[in-house]
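Spelled out, the chains give:
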Amino acid sequence: MAVVRPFRALRYDTAVGGPLQSLVAPPYDVIGPAEREELQGRSPYNVVHLTLPDSEEEAAASLAEWQEQRVLVRDPEPACWWLAQEYVGPDGVARRREGLVAALRLEPYENRVVLPHERTHAGPKEGRLRLLRATRAQLEPLFFLWDGTVEVDGLGEPELEADEGGVVSRLWRLDAKFTDAIVQELADAQLLIADGHHRYETAVAFHEEDGSEASAWLLAVIVPTGQEGLTIFPTHRVAQGAGDASGLPIDPPGEHLPGPVLYRAGRYELLVENGFLDPEVVDRFAPTGVTYTPRREEAVATVDRGEAAAAFLLRPTRIEDVWDVARRGQVMPQKSTFFYPKLTSGLLMLPLD
C-alpha cells in the first residue's frame, strides 16, 4: 500500500526572505548554466543555491544559516497541502493541474507500490546522494501519478502563490478531515513516478545507508490522472548520428504526426513502428550524440542549421501506455515522457529529522 502522511513543511518566510517570486526555481535537472546564474542573481536566498550549489557543504551551510535567520521556518503542525498549477502548454492551450502534497513512505520497486517507467543513469544519482547526505532534507518535491480522481471544493484563498516561468502555483493547507479521507483512499493505490526517477532511487539508497525512520520519507506531489489538466507532450530527439535509421519518404507532416518521423537533409521519413512506442522505435536505431527538445520546430531548425545530422520527431506517449509499461515491470528509454509543467521548487521542503 502507498503510505502518505502530513508533514511539517519547511518554507520561506517572505517577510524575511523577500517575495516568493524571487525565491522559487524550476527543478534542478532542467536548469542550464545561464539560468542558474540568473536565478542566483534574483536573491541570495533563491532555492537554486540549495538545489544546484557550488558544493554540497555550501548547500548544507546555507540551509542551516537560513533557518537560524528565519528565512526558512518550520511549520509547527504537520499538514497535507493541495497544489494547483495554471499553465499554457507548448500547444498554446491553457490548463489547470492539481494534486496532493504529502510525505510519501519509500518503497522498493519490487514491492510494486511505486512504479518507475524510465531508465536512469548513475551520474545524476551520485550527485543527488551527496547533496542528500549533506543537507538531510528533501529540497524538491517528486511528481507521482495516481490512477484516480479527487474533487476539492471551497478552498478559499491560497496560503502560498508564485509564478515561475509563466506557471502559477497555488497551495492550500488541507484540514484534518479531508487529509484523513484522501490518505485512506490512497492506501490501496499504486503510484507511478512521472518525474523524479533519479531522486527517488537516490532517496531509497540514502535510506538504506542511513537507516533512520525520518529518511524513509520523501516529499511527493500526487496527481490524480482523472483530470483534463494532466498532459504529456513529446520529447523530440536531435542526433549527431542517426544510427541505421531509415523509413518511407513522406511529405512534410502537419500538426499531428502519422508516426515517428526522421528528419534529415531537408527530407522527412516515416519510421516503422512494429508495435513499439515512438521513443522505443528511436532507441532501437541507437542514434548518437542525442539531445532533447519539446519543440518540434526547434528540432528541425537545429538540423537545418547544420548543428545536427538528424531529428527524430515523436508523438506524445499516452498516459495509458505509460501505465501499461510500468505495470508490466518494464521501463522506457530516458525522456520518453514530458509531463508539463514541471513542479516549482522552493514552495515546500521536507527536513529529514
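The structure under discussion appears in the preceding block.
A quick note: this is a predicted structure, and the numbers were derived from the prediction, not measured. (Residues numbered from 1 in each chain as written. Predicted model: local features only at pLDDT ≥ 70, side-chain atom pairs only at ≥ 80, totals over all residues. Heavy atoms only, no water.)

A. Local environment of the sheet that holds strand E19 (residues 310–313). If you trace the six strands from one edge of the open sheet to the other, you get E15-E17-E16-E19-E14-E18, paired in antiparallel fashion. A single partner strand is all that each edge strand has here, and the edge strands are strand E15 (248–250) and strand E18 (291–293). Strand-to-strand, the axes of this sheet are offset by a mean angle of 30 degrees, without reference to chain direction. Here strand E14 (residues 236–239) pairs with E19 via three bridges, running antiparallel. Within E19, the position partnered with Arg237 by the bridge is Phe312. Strands E14, strand E16 (261–264), strand E17 (267–270), E18 and E19 of the sheet are contacted by helix H9 (residues 296–304), whose axis makes an angle of about 165 degrees with E19. (Pairing = 2+ DSSP bridges. Helix = DSSP H or I, 4+ residues; strand = E, 2+ residues; numbered from the N terminus. Axes fitted to C-alpha atoms, helices over the stretch in contact; angles between N-to-C directions. Contact = heavy atoms within 4.5 Å.)

B. Up close: unusual backbone geometry. In the segment running from Tyr340 into Pro341, the intervening peptide bond is cis, with an omega of 0 degrees. In this model, Arg112 sits at a positive phi of 65 degrees, which is unusual for a non-glycine residue. As for its position among the elements, Arg112 is in the loop between strand E5 (94–105) and strand E6 (114–115). Located in the positive-phi region is Lys335, a residue other than glycine, with phi close to 55 degrees. Residue placement: Lys335 occurs in the loop between helix H10 (319–327) and strand E20 (338–340).

C. Structural context of the nonpolar core. Ranked by size, the top nonpolar core spans 57 residues in total, and within it Phe7, Tyr12, Val101 and Leu145 carry the most contacts. In terms of residue count, the dominant contributor to this core is strand E12 (residues 217–224) (four residues). If you look at the next biggest cluster of nonpolar residues, it comprises 28 residues, including Leu104, Leu142, Phe144 and Leu218. (Core = buried A, V, L, I, M, F, W, Y, C linked by side-chain atoms within 4.5 Å. Buried < 20%, exposed > 50% of the residue type's maximum accessible area, 1.4 Å probe, protein only.)

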